[in-house]
Amino acid sequence: MATRYHIGAKELRGELSAYAKRFDLLEVRPPTAEQPKVGPTLATLRKWRKAAPPHFEFVVVLGPAVGRLKASPELESELETALAAATALQSRCILLPTPAEVTPTALSRERIARLLERLPRDATQIAWEPRGVWETEDAAVWARKWGVALSVDPTREPVPVGPVAYARLRALGEARSFGPAALERVTQAIGDRREAYVIIDSPTALAECKKLRQLSQRSAAKDGGRGRVIRPRNLTLKVRDDEQE
């Protein structure tokens, strides 16, 4: 099985049409409760979907109020906005970042599980990016139990088993870029999956995207190329009236 790679930079700079010639993945952060006027509008997102090639993937990133997991009007507003964005973009992946204040306690795990019940799971992959004191091994156990992909940096952490990998390559300290040997290790760490979403956070992301694409295409050529992409048609918000703090 050849892994279908989706590779993107840290953020969009310039026009989407120019970005889409270089990358095929973009994380989109819709407006939040704290910044309702920051971020692309639904009209812009629909234009992006029409302008992007069919294979181009948009990952919708859930807002900070959702990530804090505490029931509130802000959580409801951000969740509704994010799901509307996912529908407009025909997104097949939604990312849930949780801040450092969401620690590996039973209460946090219960809240994550309840939130995941409200997200679409038919043709949509959910990825989870915990921050703070979570141990990768423990987080991977819970991610597997919930049926989500755990976001990791494969240059520093093991990539959990599963059909989908979500990777964020961070250029930190003296490591300002990723050479061919490092990218080769990334492809080895990801291995054979159905899909791999890779965000390259470095000043030289374009060059690294090209090299990673070359490495991934070696496997794709052996497997006959890309498979058919199935996109969700509509994402419906599941309303709960019993989630009170």
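The structure displayed is predicted, hence computed values, not measured ones.

Peer 1: How should I be thinking about unusual backbone geometry in this particular structure?
Peer 2: Excluding glycine, most residues fall at negative phi; most peptide bonds, likewise, are trans. One non-glycine residue with positive phi stands out, namely L69, at about 75 degrees. For L69, the position within the fold is in the loop between α3 (64-68) and α4 (73-89). With a relative accessible area of 7%, L69 lands in the buried category. Although it is not a glycine, Q90 adopts a positive phi angle of roughly 55 degrees. Along the polypeptide, Q90 turns up in the loop between α4 and β4 (93-98).

Peer 1: Any chance you could explain the pairing of strand β7 (residues 164-170) here in plain terms?
Peer 2: Remember that side chains alternate between the two faces of the sheet whenever the strand is regular. By the criterion of burial, β7 is predominantly enclosed, with six of the seven residues buried. Sheet topology note: the strand β6 (residues 149-152)/β7 ladder contains two bridges and is parallel. Considered in β7, the bridge of V152 is made with A167. Where β7 and strand β8 (residues 195-201) come together, seven bridges link them in parallel fashion. Of the residues in β8, the one forming a bridge with L169 is I200.

Peer 1: Where do I start with helix α5 (residues 106-116) in this structure?
Peer 2: Along an α-helix, residues three or four apart share an orientation, since each turn contains 3.6 residues. Within the span of α5, buried status applies to S108, R111, I112, L115 and L116. Burial along α5 is one-sided: seen end-on, the buried residues are contained in an arc of 135 degrees. Buried residues belonging to α5 abut α3, α4, β4, β5 (125-130) and α6 (136-146).

So, how was this worked out
- Here the residue numbers are simple positions, counted from 1 along each chain's written sequence.
- In keeping with the predicted nature of the model, local features appear solely for residues at pLDDT of at least 70, side-chain atom pairs appear and are counted solely at 80 or more, and the whole-chain, interface and lining totals rest on all residues.
- Water and hydrogen atoms play no part in the side-chain values, which are based on all heavy atoms of the structure.
- A run of H or I in DSSP becomes a helix once it reaches four residues, and a run of E becomes a strand once it reaches two; helices and strands are each numbered from the N terminus.
- In this scheme, a residue with accessible area under 20% of its type's maximum is buried, one over 50% is exposed, and one in between is partly exposed, where area comes from a 1.4 Å probe on protein chains only.
- The criterion for strand pairing is that DSSP finds at least two bridges linking the strands in question.
- The directions considered for the arc are those from the helix axis to the C-beta atoms.
- Whether two residues touch is decided by their heavy atoms; if any such pair falls within 4.5 Å, the residues are in contact.

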